[in-house]
Amino acid sequence: MAFNIKDFGAVGDGATDDTSAIQAAIDAAFAAGGGEVEIPEGTFIISGNGDPTSGCLMIKSGVTISGAGMGVSTLKLADGSSGNITGLIRSAYGEETHDFGVNNLTLDGNRDNTTGKVDGWFNGFIPDGDGHDSNVLLDQVEIKDCSGYGFDPHEQTINLTISNSVSHGNGLDGFVADYQIDGRFVNNVAYDNDRHGFNIVTSTHDFELVDNVAYANGGAGIVVQRGSEDRALVDNILISGGAVYGNAAEGVLVKMSTNVTVDGVAIHDNGSAGVRLYGSSGSQVVNNQIHDNAQNGAVPEVVIQAYDDTQGVSSRYYNGDNNLVQRNTITGSDLSTYGIAERREPGTEHNSFYGNVIEHTSKGTTLVYGEGSVASDSVPMHRIDGTDGKDVLVGTASDDLIIGGAGADKLTGGDGHDTFRFEQISDSYRDASTSYADLITDFDPAQDSLDLAGLGFSGLGNGYAGTLAVQYNASTDRTYLKSYEADAQGQRFEVALSGNLVGKLDSSNVSFEHLVLGTAGNDRLAGTSASEIIDGGAGADVLSGGGGHDVFRFSNLLDSYRNYGLSKEEGNHGDLITDFDAGTDRVDLSALGFTGLGNGRDGTLVVVLNDTGDKTYFKSREADANGNQFEFAMSGNHTSDVTAANFIFAPVPATEELTVLGVAHANAA
């Protein structure tokens, strides 16, 4: 049933107080078992009754208030209002209100002409009470110019949705989710609020923010936090899509919360960090465009730190640990120090930074301090192993490492950046009479890869001399990668890929060596049981090979160095190899020009054991123009077991012989 407020005496002339008439329409709809209260075009003045918990209008179960559109139908607080009002529209305090909402309406707090703290929308039961509101829907609602909060759904509410709505010009936060359960904010905009755009707080859990926009707010764009009370932490929050920009503080602040995901958000031009994980654990920052933050001071684009509340209400210390920052594109502003950085403090540890593209930062790409924290340009994969038989293996929606093993396998990667690894010729081959080749059904050369590093081939070519040929068979619509040279068992490596991939297979998607690459920051890189080339790049890296015959490669003199003219903190950028095995591992310095071990001069490296005997340094005594000397270390005492045979040096320049031809003098005897 519909209940038009003008039928109950509302005027809507912007001057008459229509509070009683509108409330009468709400009460009539409730008495009828529910219905729609219609707010036609106009500005309808409302007022409070002196009790903040009564608000101005009390919505009830089964009632929906519908306007004619945002900016068309307006409920405006009366000039001169002086009391606190917890909701221009609200649900009843201490009653479990259900199945209610508002749409196509503007709520105007008239901030310039009133005093007292005024909130736009409020609903909820009782703080710490045993009850809840439920099934709340607000759609296409504008709340503006309230001295307090715009939207303030409160504890506890189950299944609230606010969508396609706008909150601006309010004295505190635009949108609040206070102890919300299984709710969502979808496609809303918060701008020009004095504090935060969105504030998710007070034990809210299982809540989603999808395609929302927060800009030009006086605090952060989006905040997820425990709040000032000692409550259960906010948990399982998804922030997906949308944009956060031009806010005075952080773009996204996650504080004393767990399992928060920030996925696919454009975060830029905010005053402080783009994303700050502050005393939070188990959160993910993935697939975001993060750029040009740190507008008001020198900070990282993404920062992770612990939070010390030992003197606060909880008497606890909240770690910043077990967080994942992955596949983000991060570009710094002129003030951005790092792309991603950990604070050097207890409890900031076991964080993972994978597959991020970082540029234009003043101090480096990543700064890693914590125990067990790791940074890498590559992304770990979900491993799927076949048997020795004829397998059908199907990957997941994430990045998979698929190893079919022996047998003629059918391999499907699914979504994600998948790697198909072949460890032996017998994994996929043809003999003189029969094919036992694997079929890869959905190889995407733009994002998938073939890992052939264990087979001994040198690259693509004509199929001879250790190369593999690429051939397309139109009748089967398959591309074959094959060798024409058989091993001792008469097996020739061959693998089939669905579709015509001629011209699309190259070094970007076919790997003949295992590479573990670091970033320009301080990385922790760990190899596997396979043989790998580990290249930390710039920064003071911690490198572990794992099993296999590993090569630790240094490609630039500044990949690992020390400047003795600076303090130890500022001048030490040396890498540490933690598990070098002199029997199997090597160090590749061929790109640096060093020719051997020696006294550290004339292109040699000197071997130095530290005073405690637990670290061996390999260092040059010759500095570049900036005072930087190449140097790296190995854990343990390697003065006797590591020799020149463990190194790949640059070739020694050939010595030219000068032949002097004499000329006979006329008076020679």
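Residues numbered from 1 in each chain as written. Predicted model: local features only at pLDDT ≥ 70, side-chain atom pairs only at ≥ 80, totals over all residues. Heavy atoms only, no water.

What to know about the overall build of the protein chain
Rules: Helix and strand labels come from DSSP, where a helix needs a run of H or I of at least four residues and a strand needs a run of E of at least two; each type is numbered from the N terminus. Taken over C-alpha atoms, the radius of gyration is set against a globule rule of 2.2 Å times the number of residues to the power 0.38. Here the term buried applies to any residue with accessible area under 20% of the maximum for its type, exposed to any over 50%, and partly exposed to those in between, with areas from a 1.4 Å probe on protein chains only. Residue contacts follow a heavy-atom distance rule, with two residues in contact if any of their heavy atoms lie within 4.5 Å. Positive charge is attributed to Lys and Arg, negative charge to Asp and Glu, and no charge count is given to His or to the chain ends. Where a charge lies is defined by one atom per residue type: Lys uses NZ, Arg uses CZ, Asp uses CG and Glu uses CD.
A count of helices and strands for the protein chain gives two helices and 69 strands. Here the C-alpha radius of gyration of the protein chain, 33 Å, is well above what a compact globule of 669 residues would show, namely 26 Å. In terms of its C-alpha atoms, the protein chain occupies a principal-axis envelope of roughly 135 × 70 × 55 Å. Buried residues in the protein chain amount to 53% of all 669 residues. The long-range share in the protein chain, meaning contacts at least 24 apart out of those at least 6 apart in sequence, stands at 60%. Across the protein chain, the centroid of the 36 positively charged side chains sits 3 Å from that of the 94 negatively charged ones.

Topic: the sheet that holds strand β56 (residues 515-517)
Threshold: Whether two strands pair depends on DSSP finding at least two bridges between them.
Taken together, five strands build an open sheet; the order of strands is β56-β58-β60-β64-β69 and the sheet is parallel. Each end of this open sheet is capped by a strand with a single partner; those strands are β56 and β69 (647-648). Two strands pair when backbone bridges link them, and strand β58 (residues 533-535) and strand β60 (residues 551-553) are joined in this way by two bridges, in the parallel orientation. Bridge pairing in β60 links Ile533 to Val551.

Here's the deal with the pairing of strand β67 (residues 615-619)
Within β67, four of the five residues are buried, leaving the element largely enclosed by the surrounding structure. Here strand β66 (residues 604-609) pairs with β67 via four bridges, running antiparallel. Directly across from Leu609, in β67, lies its bridge partner Thr616. Linking β66 to β67, which pair antiparallel, is a turn of five residues; within it Gly613 sits at a positive phi near 75 degrees. As paired strands, β67 and strand β68 (residues 629-635) are joined by five bridges and run antiparallel to one another. The partner of Lys619 across the bridge, within β68, is Glu631.

Some thoughts on the nonpolar core
Condition: What is meant by a nonpolar core is a set of buried Ala, Val, Leu, Ile, Met, Phe, Trp, Tyr and Cys residues, joined one to another through side-chain atoms within 4.5 Å.
Core analysis: the biggest nonpolar cluster contains 70 residues, and Leu75, Ile89, Trp121, Phe185 and Ile239 have the highest contact counts within it. The element best represented in this core is helix α1 (residues 19-31), accounting for five residues. Among the nonpolar cores identified, the runner-up in size contains 23 residues, and Ile402, Ile440, Leu468 and Val495 belong to it.

Here we look at the confidence of the model for the protein chain
Low pLDDT means the predicted coordinates in that region are not meant to be read closely. Let me state the cut-off plainly: pLDDT is defined as a per-residue confidence score from the predictor, taking values between 0 and 100.
Mean pLDDT over the protein chain works out to 93, with 98% of the residues at or above the 70 mark. This stretch, residues 656-669, has a pLDDT under 50; its non-local contacts, to residues over four places away or in other chains, come to zero contacts.

Section: the environment of Leu324
Examined against the element boundaries, Leu324 turns out to sit in strand β34 (residues 324-326). Between the C-alpha atom of Leu324 and that of Ala220, which follows or precedes it by 104 residues, the distance is 21 Å. Beyond its immediate stretch of four places on either side in the chain, Leu324 contacts Ser283, Gln284, Val285, Val286, Ser352 and Tyr354.

Observations concerning the domain arrangement of the protein chain
As a reminder of what qualifies: Source of the domain bounds: an automatic or database domain assignment.
Entries for the protein chain in the domain assignment read domain 1 (382-511) and domain 2 (514-648). Put simply, the middle of domain 1 and the middle of domain 2, counted by C-alpha atoms, are 35 Å apart.

Quick look at the pattern of salt bridges
Cut-off, in case you're wondering: Each salt bridge in this description consists of a side-chain nitrogen of Lys or Arg and a carboxyl oxygen of Asp or Glu lying within 4 Å of one another.
Per the counting criterion, the structure on display carries 16 salt bridges. For Lys482, the salt bridge is made with Glu494, and the minimal N-O distance between the two is 3.5 Å. Here the residue Lys482 occupies a position in strand β53 (residues 478-482), and Glu494 occupies one in strand β54 (residues 492-498), the gap between them amounting to twelve residues. A relative accessible area of 12% places Lys482 in the buried class. For Glu494, a relative accessible area of 1% gives the class buried.

Focus: the sheet that holds strand β42 (residues 382-385)
Pairing is parallel in the open sheet, where five strands are placed in the order β42-β44-β46-β50-β55. A strand with exactly one partner marks an edge of an open sheet, and here the two such strands are β42 and β55 (510-511). As judged from the three bridges shared by strand β46 (residues 419-421) and strand β50 (residues 449-451), these two strands associate in the parallel manner. Within β50, the residue paired with Phe420 across the bridge is Leu450.

Section: the environment of Ser54
Relative to the helices and strands, Ser54 resides in the loop between β4 (42-46) and β5 (57-59). Along the chain, Ser54 and Thr479 lie 425 residues apart, while their C-alpha atoms are 73 Å from each other. If we ignore the near neighbours within four places in the chain, the residues touching Ser54 are Asn49 and Arg90.

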